[in-house]
Amino acid sequence: MKRVNILDCTLRDGGYLVDSQFGNTAIKGILRGLTESGVDVIECGFLKDEPHKNGSTVFNNASQIRGYLPEDRKNASYVCLADYSRYTIDHLEPFDGTSIDGVRACFFKEERYKVMDFCRGITERGYKLYVQPVDILGYTDTELLELIDMVNELEPYAFSIVDTFGSMYKEDLQRVFFLIHHNLCASARIGFHSHNNLQMSFALSQEFVEMTQGLRRIVIDTAMAGMGRGAGNTNTELVMQYMNRKHNSGYDIDSLLDLIDNYVDGFRSQSEWGYSIPYFLAGSYSAHVNNISYLSTKAGIASRDINYLLNRLGSMDRKRYDYDLLEKIYMDYLGSICNDDEQIDRLKDLLSGKDILMLLPGHSIVTHKNVIDTYCLEKQPVVISVNLLSHDYPINYAYFSNKNRYRYWKSATHFKEYKKIVTSNVTTEIQKDQFVVDFTRLIKCGWEQLDNSGILLLRLLDLLEVGSIAIAGFDGYSHHSGQQNYVQQDMEKQRNTLNAEEANQDISSMLEDYMNTRTSRCSVTFITPSLFDSIVNGGENE
């Protein structure tokens, strides 16, 4: 019995590109050719609650598939995928050996309890049960162990690691595999279904083969020429060649190449799939490809724009596609883009070479006010407050990149007393004592806290070529009850205090990035206590 099985899913995953309308000739030719090539498992298409159309790989029951299968099945196994939310298992007749012999049960995490009866119905009808949980990285370890416990009662033929959003790296695959391996019933195979958003599919498939030796029988999902929605899937021909060269598996590559020439290349002329920058971004954020498709239709949109917009979606929103939400975020983003060259030149004239004190609203500016007063007396810096107005400090400019803070202080009686520097996401209104800087100029993606005002101001000061930077009130967040994070209690933000550790890690990473990538080598120092002090002190500013 072979330890490694290749499962070709071209007729199912590739079906997304052609609305499953491959045509009878192509379906029969592909099934016959894959069988002759020695592919171990062939996925014939979908089981769905809809009528089977001539030439389609969407079926309502197993009998509809029978006529497409080759007379000589050799050693091949044939399966279909049934999406729990789109198929009623009562439509599937008992296994009789004349059609498919396995069903792959696909389901979302929130369906995992309900799907067990569906899976049981597959085994009770005599079919091999493949369990295909969508987005395996979306499960916590506890949730995954709970799922495995439920699945073990069914003794499945296989349980798959499904990298739905193409966002896995090697360490992700290793972690998930060993968690499953140590808890899944010994008789079950472990499968791997990946998408090529990060160009990792083939490399991960090789890793999967090697890391499982002596541990498990496995199933690797592939598609000819990688045919599949978005960035596509692991290439069947690549995995075949690898298995032949490294493990003497004896697959007939020529039969497969004929199929690609005769059928798949024709579909490529009608549809596009494969690696691209937008799909790389989808993989980076574990985002549904429909979000990418929607944003890509926007006239003039650039890859960095899509990068920002995906970063603005919540982790759960990225995995779905809410076009109204996307449109709102997109329109807000468009409204924050402005030409600020003249404003930057004016600010550079005013601040270039100057000593700057950044005054953030952390509680330390209250507890260490004497330190700030002494520093101001001795250095006479230009004081730039961040989302803060106060007569207790000699503020020269008030900087705002937080729209809510700007609105909060705008109602204060002393708001007009201050010269202000604001980013364009707050307002694009240029006034005599108000400079407007393009928000997108200061943003770098990759962090949940990408709009942290202190980091954005540091990037702006780097552009302005200031002489030195001292920082007060950049304390970091604490979730301990009774510990005040801000200079005023009503400034507390639940988003950060509830997730203080994650917020601090994000800001630390952004601060490290700033120290490593800034163009200016001016000194940067903290003059009040900060969780981030070691990052700056470890730089070249001592």
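A few points on the structure.

Conventions and cut-offs
Throughout this description, residue numbers start from 1 for each chain and increase along the sequence as written. The model is predicted, so local features are restricted to residues of pLDDT at least 70 and side-chain atom pairs to those at 80 or more, both for listing and for counting; the totals for chains, interfaces and linings are taken over all residues. With hydrogens and water set aside, each side-chain value is computed from the structure's full complement of heavy atoms. What counts as a helix is a DSSP run of H or I of at least four residues, what counts as a strand is a run of E of at least two, and both are numbered from the N terminus. Relative accessibility thresholds used throughout: buried, under 20% of the residue-type maximum; exposed, over 50%; partly exposed, between the two (1.4 Å probe, protein chains only). Throughout, a contact is declared for two residues whenever any of their heavy atoms are within 4.5 Å. Put simply, buried Ala, Val, Leu, Ile, Met, Phe, Trp, Tyr and Cys residues joined by side-chain atoms within 4.5 Å make one nonpolar core. The rule is short: rings of Phe, Tyr and Trp, with Trp giving its six-membered ring, pair when the centres are within 6.5 Å, and they are stacked under 30 degrees, edge-to-face over 60, tilted in between. A ring is considered to have a charge above it if a Lys NZ or an Arg CZ atom is located within 6 Å of its centre and within 35 degrees of its normal. Of all possible arcs, the one meant is that of the directions from the helix axis to the C-beta atoms. Paired strands, as defined in this entry, are two strands with at least two bridges between them according to DSSP. Working convention: axes come from line fits to C-alpha atoms, limited for helices to the stretch in contact. Angles between N-to-C directions cover 0 to 180 degrees.

1. A short note on the overall build of the chain
Here is step 1 of the chain: Within the chain, the secondary structure is distributed over 23 helices and 16 strands.
Here is step 2 of the chain: Counting only C-alpha atoms and orienting by the principal axes, one finds that the chain spans roughly 90 × 45 × 45 Å.
Here is step 3 of the chain: When each of the 542 residues of the chain is scored for burial, the buried share is 58%.
Here is step 4 of the chain: Taking the intrachain contacts of the chain between residues at least 6 apart in sequence as the baseline, contacts between residues at least 24 apart amount to 71%.

2. Examining the nonpolar core
Here is step 1 of the chain: One finds L144, F159 and I161 to be the most contacted residues of the largest nonpolar core, which totals 82 residues.
Here is step 2 of the chain: Per element, the largest residue contribution to this core is 7 residues, and it comes from helix α9 (residues 253–268).
Here is step 3 of the chain: In contact with F159, other than residues within four places in its own chain, are V131, P133, I136, L144, L147, I148, V151, I180, L184, R189, I190 and G191.

3. Things to note about the packing of aromatic side chains
Here is step 1 of the chain: Summed over all chains, the structure comprises 18 aromatic pairs.
Here is step 2 of the chain: Taken together, a centroid distance of 5.2 Å and an interplanar angle of 50° make the contact between Y130 and Y157 tilted. One end of the pair, Y130, is in strand β6 (residues 128–133); the other, Y157, is in the loop between α5 (141–152) and β7 (158–162), and 27 residues separate them in sequence.
Here is step 3 of the chain: Between F202 and Y242, the ring centres sit 6.3 Å apart and the planes meet at 90°, which makes this aromatic pair edge-to-face. Highlighted residues: F202 in helix α7 (residues 201–211) and Y242 in helix α8 (residues 236–247), separated in sequence by 40 residues.
Here is step 4 of the chain: Judged by relative accessible area, Y242 falls into the buried class, the value being 11%.
Here is step 5 of the chain: Put simply, the rings of F177, F178, F192 and F208 pair up and form one aromatic cluster.
Here is step 6 of the chain: The lysine or arginine in question, K109, covers the ring of Y139, its NZ or CZ lying 5.9 Å from the ring centre.
Here is step 7 of the chain: K420 extends its terminal NZ or CZ atom over the ring of F415, reaching a point 4.3 Å from the ring centre.

4. Concerning the environment of D332
Here is step 1 of the chain: Relative to the assigned elements, D332 resides in helix α14 (residues 323–335).
Here is step 2 of the chain: Accessibility expressed as a relative area gives 45% for D332, which makes it partly exposed.
Here is step 3 of the chain: Each C-alpha atom, one on D332 and one on L309, is 10.0 Å from the other, the two residues being 23 residues apart in sequence.

5. What to know about helix α17 (residues 369–379)
Here is step 1 of the chain: Every buried residue of α17 is accounted for by I372, Y375 and C376. What you see down the axis of α17 is that its buried residues fit within an arc of 95°, all on one side. More than 90 degrees from the buried face of α17, the exposed residues found are N370, L377 and E378.
Here is step 2 of the chain: Packing partners of the buried residues in α17 comprise β10 (355–359), α16 (364–367), β11 (382–386) and β15 (468–472).

6. Observations concerning the sheet that holds strand β14 (residues 434–437)
Here is step 1 of the chain: With parallel pairing, the 7 strands of this open sheet are ordered in space as β14-β13-β12-β11-β10-β15-β16. Of all the strands in the sheet, just β14 and β16 (523–526) have a single pairing partner and so form its edges. Put simply, the sheet's adjacent strands are angled 20° from each other on average, direction ignored.
Here is step 2 of the chain: In this structure, strand β12 (residues 397–400) lies alongside strand β13 (residues 419–423), joined through 4 bridges in parallel fashion. Residue Y397 lies in a different strand from β13, and its bridge partner there is K419.

Nothing here speaks to function; it is all geometry.
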